[in-house]
Amino acid sequence: MPARYRGVEMAIFPIRTFGDPVLRTPAEPVDDITNALERLVDDMFETMYDAPGVGLAAPQIGVSKRIFVADIGEGPFVMINPEIVATSGEWAYEEGCLSVPGKWWEIERAGFARARGLDLDGSEVVYEGEELMGRLLQHEVDHLDGMLLIERLPRRIKKQALRELRDEALGLRTAD
Ligand code: NI
């Protein structure tokens, strides 16, 4: 049964997975914040919480627009047209993605990141943080650039990961 929120029925979308071309396509900037866009954001939150996940980018539900939603346990937030404007340090962390279900890889990224974008009112917002927050910002902006976390793996590990994913897609191997 669909959840109800502000009297509006929300929808849970199927999450696109590895191999879907939308995940490799750079998303289009949002130039107008419409009612339809607000509705899309509601549906993205619903889909993210249902998964469950801590972040979801619009291409993951097949919408090639520069929007992500997130909640790392400090409350929900949305970013429209986000850009990473500062990073520092390094941090290796076991990272996963709703579009590559059941897989985790240790990935090194900046330890701190700051992102600037717009909220649903069209006001500028800045989110920043170390560790999980910094990781989330970098991971979601990558999605909007058409990049999955596999692209961040060292070459040799990436080749092996791609081989495993392709074999699983062909049914030659079962997922753990
Ligand atoms: Ni992801």
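Residues numbered from 1 in each chain as written. Predicted model: local features only at pLDDT ≥ 70, side-chain atom pairs only at ≥ 80, totals over all residues.

Draft legend 1. The arrangement of the overall build of the protein chain in detail. Regarding its fold elements, the protein chain presents three helices and nine strands. Considering the protein chain as a whole, with its 176 residues, one finds that 27% of them fall into the buried category. Contacts in the protein chain between residues far apart in sequence, at least 24 positions, make up 64% of those at least 6 positions apart. (Helix = DSSP H or I, 4+ residues; strand = E, 2+ residues; numbered from the N terminus. Buried ≥ 20, exposed ≤ 12 C-beta atoms within 10 Å, placed from the backbone. Contact = placed C-beta atoms within 7 Å.)

Draft legend 2. Quick peek at unusual backbone geometry. With omega at -10°, the peptide bond leading from Ala51 into Pro52 counts as cis. Not every positive phi belongs to a glycine, and Asn81 is a case in point at roughly 50°. By the secondary structure assignment, Asn81 is in strand S5 (residues 77-88).

Draft legend 3. Highlighting the nonpolar core. Core analysis: the biggest nonpolar cluster contains 27 residues, and Met44, Leu56, Ala58, Phe68 and Val69 have the highest contact counts within it. Broken down by secondary-structure element, the contributors of at least two residues to this core are helix H1 (35-50), strand S3 (55-57), strand S4 (67-70), S5, strand S8 (112-118) and helix H2 (131-144). Among all residues touching Phe68, those that are not within four sequence positions of it are Gly55, Leu56, Ala57, Ala58, Met79, Pro82, Glu140, His143 and Leu144. (Core = buried A, V, L, I, M, F, W, Y, C linked by C-beta atoms within 7 Å.)

Draft legend 4. Spotlight on the pairing of S5. Judged from the four bridges that link them, S4 and S5 form a sheet pairing that is antiparallel. Bridge assignment links Val69 to a residue of S5, and that residue is Val78. Taking the residues that link successive antiparallel strands as the turn, the S4-S5 hairpin has six residues, and the phi of Gly73 there is positive, at about 105°. Here S5 runs beside S8; their pairing, made up of six bridges, is antiparallel. (Pairing = 2+ DSSP bridges.)

Draft legend 5. Region of interest: H2. Relative to the 20 Å expected for 14 residues at 1.5 Å per residue, H2 spans 20 Å between its end C-alpha atoms, a close match to the ideal helical length. H2 sits mainly inside the fold: 10 of its 14 residues count as buried. (Expected span 1.5 Å × (residues − 1).)

Draft legend 6. Representation of the sheet that holds strand S9 (residues 124-130). Spatial ordering of the open sheet is given by S3-S4-S5-S8-S9, a layout of five strands whose pairing is antiparallel. With one partner strand each, in any of the chains shown, S3 and S9 form the two edges of the open sheet. Between one strand axis and the next, the sheet turns through 40° on average, direction left out of account. In the sheet, S3 pairs with S4 via three bridges, with the strands oriented antiparallel. Counterpart to Gly55 in the pairing with S4 is Ala70. Its contacts with the sheet put H1 on S3, S4 and S5, and the angle it makes with S4 is roughly 45°. Seen against the sheet, H2 touches S3, S4, S5, S8 and S9 and runs at an angle of roughly 125° to S9. (Axes fitted to C-alpha atoms, helices over the stretch in contact; angles between N-to-C directions.)

Draft legend 7. Main features of the environment of Gly146. Tracing the backbone shows Gly146 in the loop between H2 and helix H3 (155-169). Put simply, Gly146 and Thr25 are 121 residues apart on the chain and 4.5 Å apart in space, counted from C-alpha to C-alpha. Setting aside anything within four residues of it in sequence, one finds Gly146 in contact with Arg24, Thr25 and Pro26.

Draft legend 8. Spatial organisation of H3. The end-to-end C-alpha separation of H3 is 21 Å, in line with the 21 Å expected for 15 residues at 1.5 Å each. At the exit of H3 stands Gly171, carrying a positive phi of roughly 80°.

Draft legend 9. Geometry of the environment of Gly117. Of note, Gly117 is situated in strand S8. Residues in contact with Gly117, not counting those within four places in the same chain, are Met79, Ile80, Asn81, Pro82, Glu83 and Val125.

The analysis is restricted to geometry; functional conclusions fall outside its scope.
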